[in-house]
Amino acid sequence: MFSLEGRRALVTGASGLLGARFARVLHGAGAEVVLAARRTQACAALAEELGARAMAVALDVASPASVAAALDAAGPLDILVNNAGIAATRPFLEHRLEEWDAVMGVNLRGAFLVAQQAARRMVEAGRGGSIIHVASILGERVIPGVASYTAAKAGLLHLTRQMAVELARHRIRVNALAPGYVASELNRDFFASEPGQAMIRRIPFRRLGQPDDLDGPLLLLASDAGRYMTGSVLTVDGGHSVAPL
Ligand SMILES: NC(=O)c1ccc[n+]([C@@H]2O[C@H](COP(=O)([O-])OP(=O)(O)OC[C@H]3O[C@@H](n4cnc5c(N)ncnc54)[C@H](OP(=O)(O)O)[C@@H]3O)[C@@H](O)[C@H]2O)c1
């Protein structure tokens, strides 16, 4: 039921922490995987490590021409993991327009461009598909200092629902994964600090997520195990977003 043998998947942001993990997991379940990002060397290195059934393509989700070229190079897809994302941290009153534009340009406009190009090709191929948007618990909750990020992820959740309705007739399922905080190089210092430790104590599971906590939820959405799921948001956060106020 969770097998992806004979399926072809593209993962955006496959040079990053979660994207690389998603590519590994899909590949491990039997899929052919296309690893896409601007840092093609990182994608190529992982593709080489995975060996057969893996290839890397250059992709800048902010550029419609790059998106079209990457999807042409990728070939017919059954699965898209729309994972590329960036963040800008600055209080709302000081949030800069260039930061807003950059975050929206990757996290919402970029996700739209890739999803639309992939969905058009899936419709043309006529064999259905699964599109997974990597959102965040910050698409539904807020913390100070990340206005562009929370707004973009909230938009991505509603785009998920919109696409689910419009693409169902083509047997294309569209769902979102909403991770909580995942331990990474970037947030290591913050979570080692007292405010970071206090945040971890507010997570009911009392720990950060690890990339492999998303393995099962990803496979559920990607495979036939989730065949009646569309328009869903799968929250994977150790209970953080439902913690008592
Ligand atoms: N880590 C967390 O705690 C967490 C929690 C919830 C949700 N998320 C979401 O999970 C996703 C992955 O995050 P991560 O933690 O793995 O971050 P990461 O390690 O910084 O990876 C981000 C990825 O996005 C790619 N990217 C950025 N701009 C791009 C562009 N213009 N075109 C193509 N690719 C681009 C980067 O690749 P290049 O720079 O090589 O292009 C990189 O591979 C993001 O959408 C993030 O919002 C993360």
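Now for a quick tour of the structure. Since the model is a prediction, treat every value here as computed from it, not as a measurement.

Thresholds applied
- Residues numbered from 1 in each chain as written.
- Predicted model: local features only at pLDDT ≥ 70, side-chain atom pairs only at ≥ 80, totals over all residues.
- Heavy atoms only, no water.
- Near = heavy atom within 4 Å.
- Polar contact = N/O pair within 3.5 Å; in protein donor to acceptor, adjacent residues only side chain to side chain.
- Areas by Shrake-Rupley, 256 points an atom, 1.4 Å probe, with all protein chains shown as cover.
- Helix = DSSP H or I, 4+ residues; strand = E, 2+ residues; numbered from the N terminus.
- Buried < 20%, exposed > 50% of the residue type's maximum accessible area, 1.4 Å probe, protein only.
- Contact = heavy atoms within 4.5 Å.
- Phe/Tyr/Trp six-rings, centres within 6.5 Å; stacked < 30°, edge-to-face > 60°.
- Axes fitted to C-alpha atoms, helices over the stretch in contact; angles between N-to-C directions.
- Parallel < 35°, antiparallel > 145°, perpendicular 65-115°, else oblique.
- Left-handed = near helix turned anticlockwise from the far one by under 90°.
- Nonpolar A, V, L, I, M, F, W, Y, C, P; charged D, E, K, R; others polar.
- Pairing = 2+ DSSP bridges.

**As for the site of the ligand**
Then, number 1: The immediate surroundings of the ligand are formed by 26 residues, with S15, L18, R38, R39 and Y149 found nearest.
Then, number 2: Within the contact set of the ligand, an oxygen atom lies 2.9 Å away from a backbone nitrogen or oxygen of G13.
Then, number 3: Note that an oxygen atom of the ligand is positioned 2.7 Å from one of the side-chain N or O atoms of R38.
Then, number 4: Here the ligand, which alone exposes 880 Å², has 87% of that area covered by the protein.
Then, number 5: Elements with a contribution of two residues or more to the shell around the ligand: α1 (17-28) and α5 (147-167).

**Points about the side chain of H95**
Then, number 1: Mapping H95 onto the fold places it in the loop between β4 (79-82) and α4 (97-125).
Then, number 2: Judged by relative accessible area, H95 falls into the buried class, the value being 16%.
Then, number 3: Setting aside its immediate chain neighbours within four residues, H95 contacts A88, R90, W100, G145, V146, A147 and S148.

**Overview of the packing of aromatic side chains**
Then, number 1: One pass over the structure, following the stated rule, counts two aromatic pairs.
Then, number 2: For the ring pair F190 and F191, a centre distance of 4.9 Å and an interplane angle of 70° mean the geometry is edge-to-face.
Then, number 3: With relative accessibility at 38%, the residue F190 sits in the partly exposed group.
Then, number 4: We classify F191 as buried; its relative accessible area is 5%.
Then, number 5: An aromatic cluster is present here, built from Y181, F190 and F191 joined pairwise through their rings.

**A closer look at the packing of α1 against helix α8 (residues 215-222)**
Then, number 1: Across the interface, α1 lies against α8 with an axial gap of 10 Å and an inter-helix angle of 60°. Taken as axis vectors, α1 and α8 run oblique relative to one another. Crossing handedness for the pair α1 and α8: right-handed. Judged by residue contacts, R21, F22, V25 and L26 of α1 engage D215, L218, L219 and A222 from α8.
Then, number 2: By residue class, the composition of the contact of α1 with α8 is six nonpolar, no polar and two charged.

**A few points about the environment of Q41**
Then, number 1: Within the fold, Q41 resides in helix α2 (residues 40-50).
Then, number 2: Of the residues examined, Q41 reaches a relative accessible area of 71% and is grouped as exposed.
Then, number 3: Along the backbone, Q41 and V57 are 16 residues apart, and their C-alpha atoms lie at a distance of 9.7 Å.

**Comments concerning the environment of I172**
Then, number 1: Note that I172 resides in strand β6 (residues 172-179).
Then, number 2: Separated by 42 residues in the primary sequence, I172 and S130 have C-alpha atoms spaced 5.6 Å apart.

**A few points about the sheet that holds strand β2 (residues 32-37)**
Then, number 1: Taken in spatial order, the seven strands of this open sheet run β3-β2-β1-β4-β5-β6-β7, and their pairing is parallel. Looking at which strands have only one partner, the edges of the open sheet turn out to be β3 (54-58) and β7 (233-236). In this sheet, adjacent strand axes meet at a mean angle of 20° when their direction is disregarded.
Then, number 2: Examined bridge by bridge, strand β1 (residues 8-12) and β2 share five bridges and lie parallel to one another. Note that in β2 the partner of R8 across the bridge is E32.
Then, number 3: Running over the sheet, helix α3 (residues 64-74) touches β1, β2 and β3 and is turned about 160° from β3.
Then, number 4: Along the sheet face, α8 touches β4, β5 (129-134), β6 and β7 and points at about 165° away from the line of β6.

**Focus on unusual backbone geometry**
If a residue is not glycine, its phi is most likely negative; likewise, a peptide bond is most likely trans.
Then, number 1: Of note, R53 is a non-glycine position whose phi angle comes to about 70°, a positive value.
Then, number 2: As for its position among the elements, R53 is in the loop between α2 and β3.
Then, number 3: Of the residues examined, R53 reaches a relative accessible area of 38% and is grouped as partly exposed.

Without other data, these values stay purely geometric and don't point to any function.
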